[in-house]
Amino acid sequence: MSSARQSFPLSIDTAQKSGVVCEGWVLKKRRKKMQGFARRYFVLDQSGSLSYSIDPKRPIRDQIFLPHAALSTAVGRKDIHVDSSNATFHIKCLTADDFNTWLTAIRQFVLPEGRRSLAGKTTPRLSQSQFNRSGIIVEGIGSTLSELEAAFAALQSESTHERSHPSLKSKSEKDKHHHHAKDVFNMFKKSHQVNEDGTLLKSNLDSPLNMRFQQINTALASLKSQHAALLKSLAHDVTAPPTARGSPLPTTTEEKEAEPLSTSRFNTALTRRSNLAISMSSLSDSAHNEWFDAEEDLGEEFFLDVPNPDEEREFIVPQSETSSLNQTASSDEEEHSPPLAHDTDPSVNARQVVRRTRLPSGPMGDEGSLFAILKNNVGKDLSTIAFPVSFNEPLTLLQRTAEELEYYNLLHQATEAKDPTQRLCFVAAFAVSGYAHTRFRTGRKGFNPMLAETFEDVRMKFLAEKVSHNPVVIAYHAEGQGWELNATSAGKTKFWGKSLEIIPLGTTRLKIGNDKYEWNKPSSFMRNLMMGTKYLEHCGKMTIQNTTDGATCVLDFKQSGYWGASNEVSGMILSPSRDVTARIEGKWDEQIAQVLDSSYLHVLWRITPFPKESPQYYGFTAFGMTLNEITSDLEGRLPPTDSRFRPDVLALEHGDDDEAETQKTRVEEMQRDRRRRGVNRAPRWFKEDGNGWTYVGGYWEARAKGWKDTPVESLW
């Protein structure tokens, strides 16, 4: 390592290499989990682009534009974390001198002089409806820009071809002197005459080049229209003083000094590709929260804190939020759905069960400022942080694990498949389908269960129990005809300045006949926490191993590109001899199919359409809306430890946020009191062995007897 560093010394002397501010060898954390750090050659140029490669002579592997990134460091450590929403670099320097040199170089682009004071200035809050309208317009602008870029590329290629002919070139130069100087597309009009207003003469309308020109004009007109609509949407809240919007607070000194976002400045910002996402940070009304001015898309710097192991741990799994959920529905208008397949109680005769299709109430208000909480906890495991109830959805993490088994019918199809490859395809489709319910859920989280809290679902004979509080571990078991599933749900979450990383640690084990399968989940990222439209993406490899015969399925959850498709999944089935026997492709929020040939697909799984009112009810699926309901087949059969009886969840489900907060505090204090007195609950239905936590049995038998021989005490 030392010899390599001598060969490529760290340098901040731009005279050594033109355009380079800083370059040298550092350690970078690999993209895949559990692979540690690798030596990489980083280069920071004068434009603020930080890139790296395997060595200086190899191509660049990835890069981050620092003016739009967040910088995080830890006191006493030589680590630098750079987060640009769509990519995160975790850098470790070998010496203190290298650390100081790199940090100084990076800081001048993340927070350049003259801009640092803007980071703390306040900015008026946009209403949820205006945020939503602006987000839709921004998407339209992005699509239009994509079309415009394509048309430009094609037109430039054709005009270059024409310049290769002398006769055309001569006429082109004559035209260039003839046309008005303000014409934006003068450089492309090499062989055509135009009117004074920039339109083409009728004699030239049929040429291919003119058709390209018309496409650009049309795209530009659409872009201008969308731009004007966006400015109109933002005009009131961005330019009006707080008192004009009815704020009871007087204008602060910082607000008086802050320059309003003028049309010209917004035009300039919009031309940058990274600014297509409007600043849409969802900030709370608390007077203690800071408002950050995102109009210039400035970088931010954070300082990492070391978590206190004695703090209450609350495992956050951000799965369910949309910023526009402000509508409520009366329980009197509650509708019901037809009975679902396999909707029977295992202890009674089969009967139809009518389930609800909406919740008693949607969110009563905004969830508050997630960023305001996270910005003080960059790099920390967020399971150590307590969140107010406004960040919750009316489900516990136990119920959230049940959502992953919504498409358990795929396991029935897997048991019926005789071909091992076909069976593994269905298992893979089931593993991917567990992410489908997260499509519209990007901010709220489930309630942290109490130790020994349980949840059951008779549809797939599902049982979950919280078996560890610190760290939070949930064990669950489900079974059906010919299959049995055991799994643990655990993990960590970390905030890196603009993205929230969710690192799952649990393992899923499935048994179908004599075949046994195991797999772990890839990491997930919540993007655009500071500005723009928040979205959740799952990235990385998922390997499903048949531990019986050695066959595997390798699935790749692809990271979304700037313009390309999102949520794509592709993979292959490998035989025990490592031959490719099948290929799989699709999207985790739409469908998964087996590729038969270049023209035909065999659809293995397709998502059930979301209810029309899903956006008004936390983005839940129809299945998710039924999880906290006590239906007729459950009355009098549930143990008092079941999540459906939690008073804080019930209060939030009915739209009473204040009561939910009160009950949440009371329930958590009861658990702390049990722990202090040494009478904390122990897991009852699962035990830990060499394979993790395993179901020990007895739950459904005790349930059938009405819990008479197995007394269970309430947790709240």
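In this text the structure is predicted, and so the values were computed from the model without any measurement. (Residues numbered from 1 in each chain as written. Predicted model: local features only at pLDDT ≥ 70, side-chain atom pairs only at ≥ 80, totals over all residues. Heavy atoms only, no water.)

Participant: Would you mind going over the overall build of the protein with me for this structure?
Facilitator: A count of helical and extended segments in the protein gives 14 helices and 29 strands. A total of 716 residues make up the protein; the buried ones form 52% of that total. Here the protein displays about 33,100 Å² of accessible surface, and carbon together with sulfur accounts for 51% of that area. (Helix = DSSP H or I, 4+ residues; strand = E, 2+ residues; numbered from the N terminus. Buried < 20%, exposed > 50% of the residue type's maximum accessible area, 1.4 Å probe, protein only. Areas by Shrake-Rupley, 256 points an atom, 1.4 Å probe, with all protein chains shown as cover.)

Participant: I'm lost on the environment of S361 in this one. Help?
Facilitator: Topologically, S361 is positioned in the loop between β10 (355–356) and α8 (370–374). Judged by relative accessible area, which is 4%, S361 ranks as buried. Sequence spacing of S361 and G655 is 294 residues, and the spatial spacing of their C-alpha atoms is 5.4 Å.

Participant: I keep staring at the pattern of salt bridges and nothing clicks. Help me out?
Facilitator: Any two side chains of opposite charge can pair if their charged atoms end up close together. Taken as a whole, this structure holds 27 salt bridges when the rule is applied. With its nearest N and O atoms 3.0 Å apart, the salt bridge here joins R358 to E613. With R358 in the loop between β10 and α8 and E613 in the loop between β27 (601–606) and α12 (647–653), the pair connects residues that are 255 residues apart, well separated along the chain. For E613, a relative accessible area of 29% puts it in the partly exposed group. For E537, the salt bridge is made with R527, and the minimal N-O distance between the two is 2.9 Å. Taken as a pair, E537 in strand β22 (residues 535–546) and R527 in strand β21 (residues 523–527) lie far apart in primary sequence, 10 residues in all. R527 shares its class with E537; the two are buried. A single salt-bridge network, built from bridges that share partners, covers K664, E668, E669, R672, D673, R676 and R677. (Salt bridge = Lys/Arg side-chain N within 4 Å of Asp/Glu carboxyl O.)

Participant: In this structure, what is going on with the environment of G624? I would like to understand it.
Facilitator: Looking at the element boundaries, G624 is found in the loop between β27 and α12. When its relative accessible area of 1% is taken as the criterion, G624 is described as buried. Distance in space between the C-alpha atoms of G624 and A402 is 8.7 Å, their sequence separation being 222 residues. If sequence neighbours within four positions are ignored, G624 has contacts with L395 and E403. (Contact = heavy atoms within 4.5 Å.)

Participant: It is not clear to me how the state of the cysteines should be interpreted in this structure. Could you clarify?
Facilitator: In a disulfide, the sulfur atoms of two cysteines are covalently bonded to one another. Enumeration according to the criterion identifies zero disulfides in this entry. Of all cysteine sulfurs, the one in C22 lies closest to C93, which takes part in no disulfide; the gap is 8.8 Å. With a relative accessible area of 3%, C93 lands in the buried category. Not part of a disulfide, C553 finds its nearest cysteine sulfur in C425, a span of 6.9 Å. (Disulfide = S-S within 2.5 Å.)

Participant: What is the right way to look at the packing of aromatic side chains in this model?
Facilitator: The geometry of an aromatic ring pair is captured by two quantities: the separation of the ring centres and the angle between the planes. Enumeration over the complete set of coordinates arrives at 17 aromatic pairs. Both rings, one in F42 and one in F89, keep their centres 5.8 Å apart while their planes meet at 80°; by these two values the pair is edge-to-face. Residue F42 is located in strand β2 (residues 37–45), and its partner F89 is located in strand β7 (residues 88–92); the two are separated by 47 residues in the primary sequence. There is no split in this pair, since F42 and F89 are both buried. Look at F430 and W519: their rings are 6.5 Å apart centre to centre, the planes differ by 80°, and that puts the pair in the edge-to-face class. Here W519 lies in strand β20 (residues 515–520) and F430 lies in helix α11 (residues 420–433), a separation of 89 residues in the sequence. Of the two residues, F430 and W519, neither departs from the other in class, the shared state being buried. Directly above the aromatic system of W25 lies the positively charged group of R39, at a separation of 3.7 Å from the ring centroid. Positioned above the aromatic ring of F37, the side-chain terminus of K92 is 4.9 Å from the ring centre. (Phe/Tyr/Trp six-rings, centres within 6.5 Å; stacked < 30°, edge-to-face > 60°. Lys NZ or Arg CZ within 6 Å of the ring centre and 35° of its normal.)

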